[in-house]
Amino acid sequence: MSVYDRKKEYGNSQWALVWMKLGENKFAMVSFWLIIAVILLAIFAPLIAPYPYDAQDYDNIMVQPNLQHPFGTDQFGRDILSRIIYGSRYTVIIGFGTMTGSCILGVTLGIFAAYYPKLDNPIMRFLEIFSNIPDMPLLMCLVIIMGTSLKNLLICLILYYTPGYARIARAKVLTLRNEEYVEASIALGASDGRILLHHILPNSLAPIIVRFTLSTGGSILEAAALSYIGLGIQPPEPEWGLMISQGRQFLGTYWYYSIIPGLCIVFLTYILNYVGDGLRDALDPRLNH
Amino acid sequence: MDNNVMLSVKNLSKHFPTPSGTLHAVDGVTFDIKKGTTLGVVGESGCGKSTLGRVVLHLLPATAGQIAFNGKDITNVSRGELYNLRRQMQIIFQDPFSSIDPRMSVKQLLSEPLKIHKLAKSKEEMEKKVKEIMDIVGLASRMADSYAHELDGGRRQRIGVGRAIILNPSFIVCDEPVSALDVSIQAQILNLMQDLQQERKLTYIFVTHNLSVVKHISTEIMVMYLGCTVEKTNAKELFSHQYHPYTKALISAIPHVNPDDNSKRILLKGELASPINPKEACRFAPRCNYACDKCHCQVPPLEEIEPGHFVACHLVREINGL
């Protein structure tokens, strides 16, 4: 299909074109709608879940999956399906909250570091403090210092993911600021703010969006791992990583208790990666024609 | 000062610090441009012609020298003054592929200058002005929503010209505006620029290495070699008789249409000398067929050999029998 045909069909913005190219990648498209479904699941959890997440039913403790409890129940007789559905709220908040926070913070810092050479060393060297320590020790230290809560978990993960965004944004801006079209805008009398917002940011978005989708899965895994070792979300709240940890002691007899939340994490991470992969191809302007 | 002079440049220098020494990109260049005329700047790659244009426009800070625009010294201007100055001094870039933001449509690109200088009070006025300019530079209005990567080089360069003239400037630096284009399109863009010059009384600095282009468009021509002016005179004069050995070699390199024409090409030996920490000497001396001891230890001044014909060569009288 030529560019002109595409335009007739999809309108004229570059984003329409990206959307259309994403549509040609079936895996990415299916994954995209599945992510939307998970987000809706999180928002409407109380309406969808068959039981409250903390309703204990001592007549049905450790029930194998059946029609009343499709994923079985845990040691307090709580419905695992309902807990998974409520747990998606934490996962979605952590995944997208961390990425949005660290993206905004990291990109802003990265752009300033690259555009104003005097700020480059202070900003980047400071951020490297966070990126040079291996993830788990860093996150564990931060959580232990700040205390365990959803808010603190988010802050820790945002701090951990910020340097990555800052580095991408900085690298992109360093190449873009020497572009001739930036010089052309300077020659027209454009202010720094205008150049950053109208020329540099739109042109550096592609790798940032790809990183956003690809590392959302990563942050979900980190949060689940922290919950698993008891430093994330605290019981009795339903969080997928925490559920794996709780089911661990029953793994020999009641496999589904740990395996099902585990599969949920794997599934969500997979579809996020598929969308990220698809977006990377769709956003590459060299593949436009 | 002469009221008729649009831009006056005196002893302008631009040096870049590099790890291996100071790079003298432009060294002591002096010229005046009269209103409504074109100064062609020619020279081989790396002789500082593009740098000269950028320093004049304050896209690069000058190391030394003065720039006066319309009789007013603009060498050291404040941010606010520079903003106002930008409306009167514009630039057309060499490469229409890299000088246009790939994420902007033609309409956005052309309205950007108006937005920066708040020249349109309403959306309708903006659209009207953009449409007018698209007419003037010869872009069909159906292309208003196209992006640069969908247009050919000629149309992209028309966008570049449109962006430069939409602010109604009086002076434009043309930095090799046609060298990235096909020959057939070069002529179209050159004609467009000449028409615009006549209609709007524009003054151009036309930087190029293409001699036939510069002959076509210039009123005066300045030949540069390694950051220095070697010869400067009006266009006709330069092509009929040259006095500097470098200019002679340059002009003789123009290919001839007549196969029987046996006029000899002057071949230059050696490479362009390094512009880093040049010694006090004629910059062209290492490649010059006539160079004497004086040439290797003294910088030749730019002398007026004939009225309006300036040459920087110690031996200009001996070589040309003047």
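Here the structure is a predicted model, which means the values were calculated and not measured.

Rules of the game
Residues numbered from 1 in each chain as written. Chains lettered and ligands numbered in written order. Predicted model: local features only at pLDDT ≥ 70, side-chain atom pairs only at ≥ 80, totals over all residues. Heavy atoms only, no water. Contact = heavy atoms within 4.5 Å. Buried area = accessible area lost by both parts, 1.4 Å probe. Salt bridge = Lys/Arg side-chain N within 4 Å of Asp/Glu carboxyl O. Polar contact = N/O pair within 3.5 Å; in protein donor to acceptor, adjacent residues only side chain to side chain. Helix = DSSP H or I, 4+ residues; strand = E, 2+ residues; numbered from the N terminus. Expected span 1.5 Å × (residues − 1). Buried < 20%, exposed > 50% of the residue type's maximum accessible area, 1.4 Å probe, protein only. Arc of directions from axis to C-beta. Pairing = 2+ DSSP bridges. Axes fitted to C-alpha atoms, helices over the stretch in contact; angles between N-to-C directions. Left-handed = near helix turned anticlockwise from the far one by under 90°. pLDDT = per-residue confidence, 0-100. Core = buried A, V, L, I, M, F, W, Y, C linked by side-chain atoms within 4.5 Å. Domains from an automatic or database assignment. Disulfide = S-S within 2.5 Å. Nonpolar A, V, L, I, M, F, W, Y, C, P; charged D, E, K, R; others polar. Phe/Tyr/Trp six-rings, centres within 6.5 Å; stacked < 30°, edge-to-face > 60°. Lys NZ or Arg CZ within 6 Å of the ring centre and 35° of its normal.

## Concerning the interface of chain B and chain A
When the parts of a complex come together, some accessible area is lost, and that lost area is often used as the size of the interface. On the side of chain A, 25 residues touch chain B, which itself brings 29 residues to the contact. At the boundary of chain B with chain A, total buried surface from both sides reaches about 2500 Å², with 48% on carbon and sulfur atoms. Inspection of the chain B/chain A interface yields three salt bridges. Counting across the interface, chain B meets chain A through eleven residue pairs in polar contact (both at pLDDT 80 or more). Mapped by element, the contributors of at least two residues to the side of chain B that touches chain A are helix H2 (79-86), strand E6 (89-92) and helix H3 (106-116) of chain B. With four residues, H3(B) is the largest single contributor of residues to the side of chain B that touches chain A.

## Overview of helix H6 (residues 117-132) of chain A
Residue and element names in this part refer to chain A. For H6, built from 16 residues, the straight-helix expectation of 22 Å at 1.5 Å per residue is met to within 8% by its first-to-last C-alpha distance of 22 Å. Of the positions making up H6, those classed as buried are Asp120, Ile123, Met124, Leu127 and Phe130. Seen end-on, H6 carries its buried residues on one side only, within an arc spanning 105°. Those residues of H6 that are exposed and aimed more than 90 degrees away from the buried face are Lys118 and Asn132. Close packing links the buried residues of H6 with helix H5 (80-115), helix H7 (135-146) and helix H8 (150-176).

## Describing the sheet that holds strand E10 (residues 228-234) of chain B
Residue and element names in this part refer to chain B. Strand order in this open sheet of eight strands is E6-E7-E8-E3-E9-E10-E12-E11, and the pairing throughout is mixed. Both outer strands of the open sheet, E6 and strand E11 (303-306), are each paired with one neighbouring strand and no more. Strand-to-strand twist across the sheet, computed as the mean angle between neighbouring axes with direction ignored, equals 20°. In this sheet, strand E7 (residues 171-175) lies alongside E6 in parallel orientation, the contact comprising four bridges. Paired with Gln90 across the bridge in E7 is Ile172.

## Quick notes on the packing of H5(A) against helix H10 (residues 192-228) of chain A
All names here are of chain A. For the pair H5 and H10, interaxial distance at closest approach is 8 Å and the crossing angle is 145°. Seen along the crossing, H5 lies across H10 with a hand that is right-handed. Judged by residue contacts, Thr91, Ile94, Gly95, Phe96, Thr98, Met99, Thr100, Cys103, Val107, Ile111 and Tyr115 of H5 engage Asp192, Ile195, Leu196, Ile200, Leu201, Ile208, Phe212, Ser215, Thr216, Ser219, Ile220 and Ala223 from H10.

## So, the confidence of the model for chain B
Here chain B averages 88 in pLDDT, and 99% of its residues register 70 or above. Prediction confidence for the complex, expressed as pTM and ipTM, is 0.78 and 0.84 respectively.

## Considering the nonpolar core
Formed by 74 residues in total, the largest nonpolar core has its most connected members in Leu153(A), Ile200(A), Ile159(B) and Ile172(B). It is H8(A) that provides the largest number of residues to this core, a total of nine residues. A domain split of this core shows at least three residues from each of domain 1 (5-88 + 169-320) and domain 2 (103-167) of chain B. Residues within four places of Leu153(A) in sequence aside, it is in contact with Ile94(A), Val143(A), Ala223(A), Leu226(A), Gly232(A) and Ile233(A).

## A look at the state of the cysteines
Under the counting rule described, the total for this entry stands at zero disulfides over all chains. In this structure Cys141(A) is a free cysteine whose sulfur lies 10 Å from that of Cys156(A), the closest cysteine sulfur available. Using a relative accessible area of 46% as the deciding quantity, one classes Cys141(A) as partly exposed. In this structure Cys174(B) is not part of a disulfide, and its nearest cysteine sulfur, from Cys47(B), lies 16 Å away.

## Description of the confidence of the model for chain A
On average, residues of chain A score 87 in pLDDT, and 93% of them are at 70 or above. Element-level pLDDT for chain A is lowest in helix H1 (residues 3-10) of chain A, with a mean of 52, against a maximum mean of 93 in helix H3 (residues 26-43) of chain A.

## Some thoughts on the sheet that holds strand E4 (residues 64-69) of chain B
Residue and element names in this part refer to chain B. Spatially, four strands are ordered E2-E1-E4-E5 in an open sheet, and the strand pairing comes out antiparallel. Looking at which strands have only one partner, the edges of the open sheet turn out to be strand E2 (21-34) and strand E5 (72-73). Two elements, strand E1 (residues 5-18) and E2, share ten bridges in a ladder whose sense is antiparallel. Residue Val5 lies in a different strand from E2, and its bridge partner there is Lys34.

## So, the domain arrangement of chain B
Residues and elements named next belong to chain B. According to the domain assignment, chain B consists of domain 1 (5-88 + 169-320) and domain 2 (103-167). Look at where the C-alpha atoms of domain 1 and domain 2 centre, and you get two points 31 Å apart. With 14 residues of domain 1 at the interface, the matching set in domain 2 holds 15 residues. The tally of links between domain 1 and domain 2 comes to zero salt bridges. Here domain 1 and domain 2 share four residue pairs in polar contact (both at pLDDT 80 or more) between them. Taken together, the elements giving at least two residues each to the side of domain 1 that touches domain 2 come down to H2 and helix H6 (183-200). With six residues, H6 is the largest single contributor of residues to the side of domain 1 that touches domain 2. Looking at side-chain class alone, the side of domain 1 that touches domain 2 contains ten nonpolar, one polar and three charged residues.

## Considering the side chain of Thr51(B)
All names here are of chain B. Among the secondary structure elements, Thr51 is positioned in helix H1 (residues 49-56). On the accessibility criterion, Thr51 (16% relative accessible area) is buried. In contact with Thr51, other than residues within four places in its own chain, are Lys14, Phe16, Ala25, Val26 and Leu60.

## Let's talk about the packing of aromatic side chains
For the coordinates displayed, the defined rule picks out 18 aromatic pairs over all chains. Between the aromatic rings of Tyr246(B) and Phe284(B), the centroid separation amounts to 5.2 Å while the plane-to-plane angle is 65°, which identifies the pairing as edge-to-face. Remark: Phe284(B) occurs in the loop between helix H9 (245-252) and E11 and Tyr246(B) occurs in helix H9; sequence separation between them is 38 residues. Accessibility classification places Tyr246(B) together with Phe284(B) in one group, the buried group. Among the aromatic residues, those joined into a ring-pair cluster are Phe250(A), Tyr254(A), Trp255(A), Tyr256(A) and Tyr257(A). Taking the ring centre of Tyr115(A) as reference, the NZ or CZ of Arg177(A) above it sits at 5.6 Å. Taking the ring centre of Phe239(B) as reference, the NZ or CZ of Lys215(B) above it sits at 5.1 Å.

## Looking at the environment of Ser252(B)
Residue and element names in this part refer to chain B. Within the element layout of this structure, Ser252 appears in helix H9. Judged by relative accessible area, which is 14%, Ser252 ranks as buried. Here the alpha-carbon distance between Ser252 and Phe239, two residues 13 residues apart in the chain, equals 9.9 Å. The contact partners of Ser252, leaving out residues within four places of it in the chain, are Lys264, Arg265 and Ile266.

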